[in-house]
Amino acid sequence: MPKREDIKKILIIGSGPIIISQACEFDYSGTQAVKALKEEGYEVVLINSNPATIMTDPEIADKTYIEPITPDILAKVIARERPDALLPTLGGQTGLNVALQVAEMGILEKFGVEMLAADVDIIKKAEGRESFRQAMYNIGLKVPESAIIHEMDQVSAAVTRIGFPIIVRPSFTLGGTGGGVAYNSRELNELCKTGLDLSLNSEVMLERSLLGWKEYELEVMRDKNDNVVIICSIENFDAMGVHTGDSITIAPAQTLTDREYQVMRDASLAIIREIGVETGGSNVQFAVNPADGELMVIEMNPRVSRSSALASKATGFPIAKIAAKLAVGYTLDEIRNDITKETYASFEPSIDYCVVKIPRWTFEKFPEAKDYLTTSMKSVGETMAIGRTFKEAFQKGLRSLEIGCAGFGADKKFSHRDMELG
Amino acid sequence: MKALVALEDGRIFAGRSFTGAGEATGEIVFNTGMTGYQEILTDPSYKGQIVTMTCPLIGNYGVNNEDMESNAVHPAAFLIKEYSKIHSNFRATGNLADFLASRNILGVEGLDTRAITKHTREVGALRGIVSTQDLDPESLIKKARAWPGLVGRDMVSAVTCEAPYGWSEHGPVSGTGFNGSTAGKHKVIALDFGLKYNQLRLLDSRDCQVQVVPAQTSAADIMAMRPDGIFLTNGPGDPAGIPGVVETVRRLLGKKPIFGICLGHQILGLAYGGSTYKLKFGHRGSNQPVKDLTTGKVEITAQNHGFCVDFKSLNPDEVELTHINLNDDSVEGMRHKKYPAFSVQYHPENAPGPHDSLYLFDRFIEMMAKN
């Protein structure tokens, strides 16, 4: 099917300043998308407050607004530029949140701007904790026992039902900001207070802790003909309880049999369809009980995610570029595969190597931050290494951290005592 | 223990056995699946082949009792980059090294599997030998060349069942008379060319009573069992090398609904009057994109075949092309226009592989319900 001709001008939202959990991954994906859309002959308007990004280089977009990424400013840009469409799924959580806000202000309707890839209902369904839980229930998948609170006096009732330890997750925040694990009432009250403050809609979810469960992620892509493919599976080296952004991760998943992997693949296909992401990429996270294989869905991001950059580089499949082309009407079997040049994007990359991502922390620069890992992300960067064996990739990844580490077991100064928890 | 792999064209690769001593000859093929080594090892279609895995770390999740696709290991040897001595999986009942060693299958690690794969892609699937006993390259190359290869050979007789059996939810039940289950609505005869258990599991779970019969069972004997449908299974080797079965299938055409998979699909192609040819290095893996030409939809499929139906050899008035491979445009599925018969080259029963193509089993059930 050809690309859409009824759209001429597309607005893309960048991800703004670099913060923990939202760094250059979204510059990478946004730049790819802008280039892909320009290649197709669309006029691309970009808004991003961060001039230190590739995507704000003058030759990338047709017009670039270096302005704060807020609903008011975005509304003004829309009023001035009159784009035909808005592509909100490439600028990380910021882009998605702001797009949602301008849609609710009625700006999109007023100026006849179409939201591509995912509309308001889809974003809400995936991001709202209760709607997501209901959606998973509809397709027979399990999510951890939980309760939603909007006020502090709802906390104690929830505790009775769920029991400690409890994971605290504020809704609509970045990288799980303000979230954490509470082992007692004092910790819980503290986390709930900050969580309610930080959440865009003053909503915090309290959830059964799956501490110690195996954690997996799948990167999924769908086109408008409902073709769905899995680009990459990722297994967390650190079990549930440590934020994925703070986990060492490995692609492809290493300890799933085909039977279990296919259950996860089926679940991911069902989730992207149930949530209704029409085109583009999504990221689905699962937890698996190592004792009996019980599977739970943790979350789904209806957009290009932080892991997409890793998955793209791990497999050679340019997720953001393909997502942009799918958004304007192409199907997977019409887009050339960038690796082989001869075949099409409707395939699932199979790799003959291991990819290891290792997070990098700089606690010395954040004296007020506690230097232990929880469900809210604390790393400021990461290294990625490719090797023909896990060991090779792992050692290369460690050396690339530039912290003077020569590799696991290769440092004289390293002692097993360092691994014991203080 | 040091091991050498020698190819008929003189290439030598060095590795280490992780299963003890041994020697084996076969056609060297590669599989690109990133999961499913146990299913691959127990798939009878690999009879006569030495399987190389492109996925570098094998053994991570051990082995278990449920992921058996037959009751034996079929490849002559198993070649990998690195064997993981430690496994981590809740279903594991043992490790891969013991699993192979107890069945006298040679497993070799430390090989440059990428080089083997690239070489195979360039020159095609070659005859080869793996040994820990003979480490003289010249002698090994000679032995590899002396192996007869797969073209024109009947490999099915080595893997088809010796006696008929039925299928219950717990596994095979010997005997005739659909004695595995009694409740199923549709009686299906599976003509066994080297089937995978998941095909029977899927038929059983779709309200079928299944009777598996040896490949050489005659058309008259099959019809005497009064089936509602006939299922032609996958299997190893060259479809043109198996005596009698093409004629059997030809006699069954039009009598009852027929569904063929892999070798069963190739045999149907021959029964329709067509021909088959050997692919350069075949399709083996779990990520082959196939387009259903009737719906335009793409499914990601599991594949394992070295031979292919030549669609040009078929009469387009009688046979319709229904599925093609998006990587190389080869034939992946076809349907007879007059008779209730359809088939696919890939493995809709997966195990290992994606579940995208299960609808084909439903289609077979519908076809039986209509007839």
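Calculation notes
Residues numbered from 1 in each chain as written. Chains lettered and ligands numbered in written order. Predicted model: local features only at pLDDT ≥ 70, side-chain atom pairs only at ≥ 80, totals over all residues. Heavy atoms only, no water. Helix = DSSP H or I, 4+ residues; strand = E, 2+ residues; numbered from the N terminus. Buried < 20%, exposed > 50% of the residue type's maximum accessible area, 1.4 Å probe, protein only. Contact = heavy atoms within 4.5 Å. Salt bridge = Lys/Arg side-chain N within 4 Å of Asp/Glu carboxyl O. Expected span 1.5 Å × (residues − 1). Arc of directions from axis to C-beta.

> Give me unusual backbone geometry: which residues, what numbers.
In the segment running from A:Phe164 into A:Pro165, the intervening peptide bond is cis, with an omega of -10°. Mapped onto the elements, A:Pro165 comes out in the loop between α7 (155-162) and β7 (166-170). Following B:Ala351, the chain continues to B:Pro352 via a peptide bond in cis, the omega torsion being 5°. Structurally, B:Pro352 is set in the loop between β20 (341-344) and α10 (359-370). Phi is positive for B:Asn104, close to 55°, though the residue is something other than glycine. Looking at where B:Asn104 falls in the secondary structure, it is placed in the loop between α2 (96-101) and β8 (106-109).

> Explain the environment of B:Val108 to me, using residue names and the numbers behind them.
Residues and elements named next belong to chain B. Considering the arrangement of structural elements, one finds Val108 in strand β8. The class for Val108 is buried, based on a relative accessible area of 0%. Residues Val108 and Ala302, 194 residues apart in the sequence, show an inter-C-alpha distance of 24 Å. Apart from the residues within four sequence positions on either side, Val108 is in contact with Ala3, Gly15, Arg16, Ser17, Phe18, Phe78, Leu79, Ile80 and Val130.

> Describe in detail the pattern of salt bridges, supporting the description with residues and values.
The full count for this structure, using the stated rule, is 40 salt bridges over all chains. In this structure, the salt-bridge partner of A:Lys9 is A:Glu81, at a minimum N-O distance of 2.7 Å. Residue A:Lys9 is located in strand β1 (residues 9-13), and its partner A:Glu81 is located in helix α2 (residues 71-81); the two are separated by 72 residues in the primary sequence. Residues A:Lys9 and A:Glu81 agree in their burial class; the two are buried. Between B:Glu27 and B:Lys278 there is a salt bridge, and its shortest N-O distance comes to 2.8 Å. One end of the pair, B:Glu27, is in strand β3 (residues 23-31); the other, B:Lys278, is in strand β16 (residues 275-292), and 251 residues separate them in sequence.

> Outline helix α1 (residues 25-39) of chain A, listing residues and values.
Residues and elements named next belong to chain A. In a regular helix each residue adds 1.5 Å, so 15 residues correspond to 21 Å; α1 covers 21 Å between its end C-alpha atoms and thus fits that length. Taking burial as the measure, the 15 residues of α1 include 11 buried ones, the bulk of the element. Immediately beyond the C-terminal end of α1, within one or two residues, lies Gly41, with a positive phi of roughly 90°.

> Outline α7(A), listing residues and values.
Residues and elements named next belong to chain A. Taken together, the buried positions of α7 are occupied by Val155, Ala158, Val159 and Ile162. Buried residues of α7, seen end-on, are gathered within an arc of 105° and therefore sit on one face of the element. Residues Ser156, Ala157 and Thr160 are exposed on α7 and point more than 90 degrees away from its buried face. Against the buried residues of α7 lie β6 (146-149), β7, α8 (185-198) and β9 (204-208).

Read these as spatial facts, not as claims about activity.
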